[in-house]
Amino acid sequence: MSAVKKQEHIAVVGAGPAAIRAAELLHSKGCTITLIHEGPKSGGNIYKQQPEGFVRKADELYGSESQKAKALHQTFDVVKAGITVCSDTTVWNAWRSELYLHGPDGVKKLPYDRLLTATGAMDRVIPLPGWTLPGAFTLGGSQIALKHQACSIGRNVIFFGTGPLLYLVAYQYIKAGAHVAGVFDTSSFWSKAKASMGMLTDIRALRLGMRYRSYIKSSGVAFAEGITPLEISGEENVSGFRFKTAAGAEQFIDCDAVAFGYGLKPESQLPELLGAKMTFEPQQRVWQVEHDGNGRAGNGLYVAGDGTTIGGADVAELTGELAAFSILKDMGHTIDQDRVAGIQHVLGQKSRFRTALNAAFPVPVEQIKALPDETILCRCENITVGEIRSTIKDLGPHEINQLKAYCRPGMGRCQGRICGLSAAELLAQETGKPIEEVGLLRGQAPIKPLPYDVAAELVEDELGKAIKEELLRG
Ligand SMILES: Cc1cc2nc3c(=O)[nH]c(=O)nc-3n(C[C@H](O)[C@H](O)[C@H](O)COP(=O)(O)OP(=O)(O)OC[C@H]3O[C@@H](n4cnc5c(N)ncnc54)[C@H](O)[C@@H]3O)c2cc1C
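Residues numbered from 1 in each chain as written. Predicted model: local features only at pLDDT ≥ 70, side-chain atom pairs only at ≥ 80, totals over all residues. Heavy atoms only, no water.

Caption draft 1: Up close: the site of the ligand. Surrounding the ligand, one finds 33 residues, the nearest of these being Ala-18, Asn-45, Val-91, Gln-143 and Asp-306. With respect to the ligand, the backbone of Glu-38 contributes an N or O atom lying 3.2 Å from a nitrogen atom. Within the side chain of Lys-448, an N or O atom sits 3.3 Å from a nitrogen atom of the ligand. Taken by itself the ligand offers 980 Å² of open surface, and the protein chains cover 91% of this. Within the residue set of the shell around the ligand, elements represented by two or more residues are helix H1 (17-28), strand S4 (90-95), strand S8 (121-123), helix H4 (139-149), helix H5 (164-175) and helix H9 (313-330). (Near = heavy atom within 4 Å. Polar contact = N/O pair within 3.5 Å; in protein donor to acceptor, adjacent residues only side chain to side chain. Areas by Shrake-Rupley, 256 points an atom, 1.4 Å probe, with all protein chains shown as cover. Helix = DSSP H or I, 4+ residues; strand = E, 2+ residues; numbered from the N terminus.)

As structure tokens, then:
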């Protein structure tokens, strides 16, 4: 191997499978790394670790993936001794080769030479009446309650939406002894049956999915496919779920909590802030960071894992390693081309599986068209579907950022991370434009909510002053 030309400083954001595999390879080549992540412990979303004092075994926490979880945690324990780790630290801005952090030591800037973002994904939500009631959770949120805190979100829980996480989380709740009142999938049996041939490229994953489905069905829990959600009912808390069956009959089921979601969406705000090109992925109807196939997304900018393309944990590990190879190559190292080719080969297979999986669980965006006017779409700013419809009719915004400027969806604390895709779908539906033409909400700092007093701590340079003014104004 050739000598390192310059000791560059590499910043890695994330501590999930993608970031850890990248850090492992970079560390093994003697690189200087700072790894920043917002959790207290490593593992990311799938391999999230329980808090101190909790003593559940890996098998109970991670089920079929417990060996992978243990391997990844062990890797991190070795690697962290040779790198700088900033835990409990949020990266809330990126600008001119510096990351803006907020953590236990307050606000700091971190200069870097190369940046790898491996920031994962979050639940994709489609609003419906009642979704802001206490007791309504996302699927991922309900899983975090169980995995992290060993809590059920309610005494009588309904799961609905679509995607692999729907089946996995419902299975985990039933297995943990929680009372589940029903599992309702918006995707039809036939969409899954048709896609199953394509899913044969990953037999293990297909078998796992089928196991969860038959476990749910055999456990006596109410189960239906091809449903249309109508309402999460309740006055002060969730008290029931109303939906239409595939045959068109309306049903109401009592419950005191619901968890819902429609797959995942990449957390891509950091590369966006740094000018990475975003492209529309028509199958999942999400925007994702464009890269060269090896994780290069711009000058000194690299991306990996679900934050780039939703692919699951195994893909995240591989793309993390691939991005690390790209970093090493760009720094003048000789890299193992056979290993790179091997990773590319596996990623090709996994991508065929993912295409079939997405076809099995299509995102039911047509539901947005049928939403009653009074449904809240942007919960940060309390903007209803009706307000958005009348703004579109009266002012004719032609893209999503203009709609945001006119009536504020996506203007609040979450910066549109939750409502942005649905607001864009609504705009596309109301104007008859293709969704790609409606565009995406521009990423804007702070990309995650910051405590108010942080404004006062902001560094006193020009950018800091500008951001401070903006925060104080908002
Ligand atoms: C809530 C949730 C639950 C999931 N559960 C499962 C499951 O049970 N089984 C399964 O197969 N798949 C699950 N998935 C999908 C799975 O987590 C991913 O496919 C996989 O973990 C992707 O790995 P990653 O390294 O790309 O990102 P992740 O594992 O998601 O890790 C992202 C990392 O980035 C950090 N981060 C993000 N933004 C910032 C920021 N601004 N500043 C600092 N740090 C940041 C986070 O702290 C985290 O460490 C889940 C996804 C979600 C969102």
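Text resumes after the structure shown.
Caption draft 2: Highlighting the sheet that holds strand S15 (residues 250-254). Pairing in this open sheet of three strands is antiparallel, and the strands run S13-S14-S15 from one edge to the other. Since the sheet does not close on itself, it has two edges, and those belong to strand S13 (228-233) and S15, each with one partner. Each adjacent strand pair in this sheet contributes to an overall mean axis angle of 20 degrees, direction not counted. Pairing of S13 with strand S14 (residues 240-244), which is carried by five bridges, proceeds in the antiparallel orientation. Paired with Ile-232 across the two strands is Phe-241, which belongs to S14. (Pairing = 2+ DSSP bridges. Axes fitted to C-alpha atoms, helices over the stretch in contact; angles between N-to-C directions.)

Caption draft 3: Up close: the pattern of salt bridges. Enumeration over the complete set of coordinates arrives at 29 salt bridges. Salt-bridge contacts for Arg-417 lead to Glu-267; the nearest nitrogen and oxygen are separated by 2.7 Å. A residue pair is termed long-range when its members are at least 10 positions apart, and Arg-417 in the loop between helix H13 (400-407) and helix H14 (420-431) and Glu-267 in the loop between strand S17 (264-266) and helix H8 (269-273) qualify at 150 residues. Each member of the pair, Arg-417 together with Glu-267, is buried. Note that Arg-408 is salt-bridged to Glu-381, the shortest N-O span being 2.6 Å. Taken together, the positions of Arg-408 in the loop between H13 and H14 and Glu-381 in the loop between strand S22 (376-378) and strand S23 (383-384) put the pair 27 residues apart, joining distant regions of the chain. Residues joined by salt bridges that share partners form a network here, namely Glu-65, Lys-68, Asp-202, Arg-204, Asp-314 and Lys-350. (Salt bridge = Lys/Arg side-chain N within 4 Å of Asp/Glu carboxyl O. Buried < 20%, exposed > 50% of the residue type's maximum accessible area, 1.4 Å probe, protein only.)

Just distances and angles here, no functional claims.
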